[in-house]
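Chain and residue survey
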Amino acid sequence: MLKIKITLTRDSVCMGDDVKDHKKVISVDLESIPHKTIMKIAEKYLPNVTGRGHTWNCVLNGNNVAVINGNCEKITFYTDALTFPDSSSLYFKYHSATY
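To start, this report covers the structure provided alongside it. (Residues numbered from 1 in each chain as written. Predicted model: local features only at pLDDT ≥ 70, side-chain atom pairs only at ≥ 80, totals over all residues. Heavy atoms only, no water.)

Our focus in this paragraph is unusual backbone geometry. For N61, which is not glycine, the phi dihedral falls at a positive 50 degrees. Take N61: it is sitting in the loop between β3 (55-60) and β4 (63-69). A positive phi angle is found at C72, which is not glycine, with a value near 65 degrees. Residue C72 is classed as buried on the basis of its relative accessible area of 18%. (Helix = DSSP H or I, 4+ residues; strand = E, 2+ residues; numbered from the N terminus. Buried < 20%, exposed > 50% of the residue type's maximum accessible area, 1.4 Å probe, protein only.)

Encoded structure:
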């Protein structure tokens with residue numbers, strides 16, 4: 001399997017979460033299906049948020065590639081053609097629930 005370096009960042013989910021630096025650099029074995037790599041990273045990296053209706057946009061190297069509903073309950077990819085260069089970045093943009 002190919003090993004790649006990915007820089008992870010995400011939005012804060014509440015005021016207490018703002019004090020932490022969310023940047024993390026990881027080295028992962030790229031799955032044969034890149035979508036599985038993103039799903040595994042999201043499940044381990046994103047915090048559990050109380051409540052319903054929140055989402056995360058997943059931005060791979062500047063391209064919005066997926067939306068994650070809730071606490072990784074459902075991930076919808078916008079493309080089938082995902083590629084990871086040797087060094088990539090994944091940014092998770094938080095959208096709080098609206099009522």
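Once you've had a look at it, read on.
A few words on the sheet that holds strand β6 (residues 87-95). Pairing in this open sheet of 6 strands is mixed, and the strands run β2-β1-β6-β3-β4-β5 from one edge to the other. Only two strands of the sheet have a single neighbouring strand rather than two, namely β2 (24-29) and β5 (74-77). Put simply, the sheet's adjacent strands are angled 25 degrees from each other on average, direction ignored. (Pairing = 2+ DSSP bridges. Axes fitted to C-alpha atoms, helices over the stretch in contact; angles between N-to-C directions.)

Here the focus is the packing of aromatic side chains. Inspection of every chain in the model, using the stated rule, returns 2 aromatic pairs. With centroids separated by 5.9 Å and ring planes inclined at 45 degrees, the aromatic side chains of Y45 and F92 adopt a geometry described as tilted. With a gap of 47 residues between them, Y45 in helix α1 (residues 34-45) and F92 in strand β6 connect regions that are remote in the sequence. On the basis of relative accessibility, which here comes to 13%, the residue Y45 falls in the buried class. Taking the centre distance of 4.9 Å and the plane angle of 55 degrees together, the rings of W56 and Y94 count as tilted. Taken together, the residues span a long stretch of sequence, with W56 in strand β3 and Y94 in strand β6 at a distance of 38 residues. According to the relative accessible area criterion, W56 is buried, its value standing at 1%. (Phe/Tyr/Trp six-rings, centres within 6.5 Å; stacked < 30°, edge-to-face > 60°.)

Scanning the entire structure with this criterion turns up 1 salt bridge. With a closest N to O distance of 3.4 Å, K3 and D29 form a salt bridge. Of this pair, K3 sits in strand β1 (residues 3-10) while D29 sits in strand β2, placing them 26 residues apart in sequence. (Salt bridge = Lys/Arg side-chain N within 4 Å of Asp/Glu carboxyl O.)

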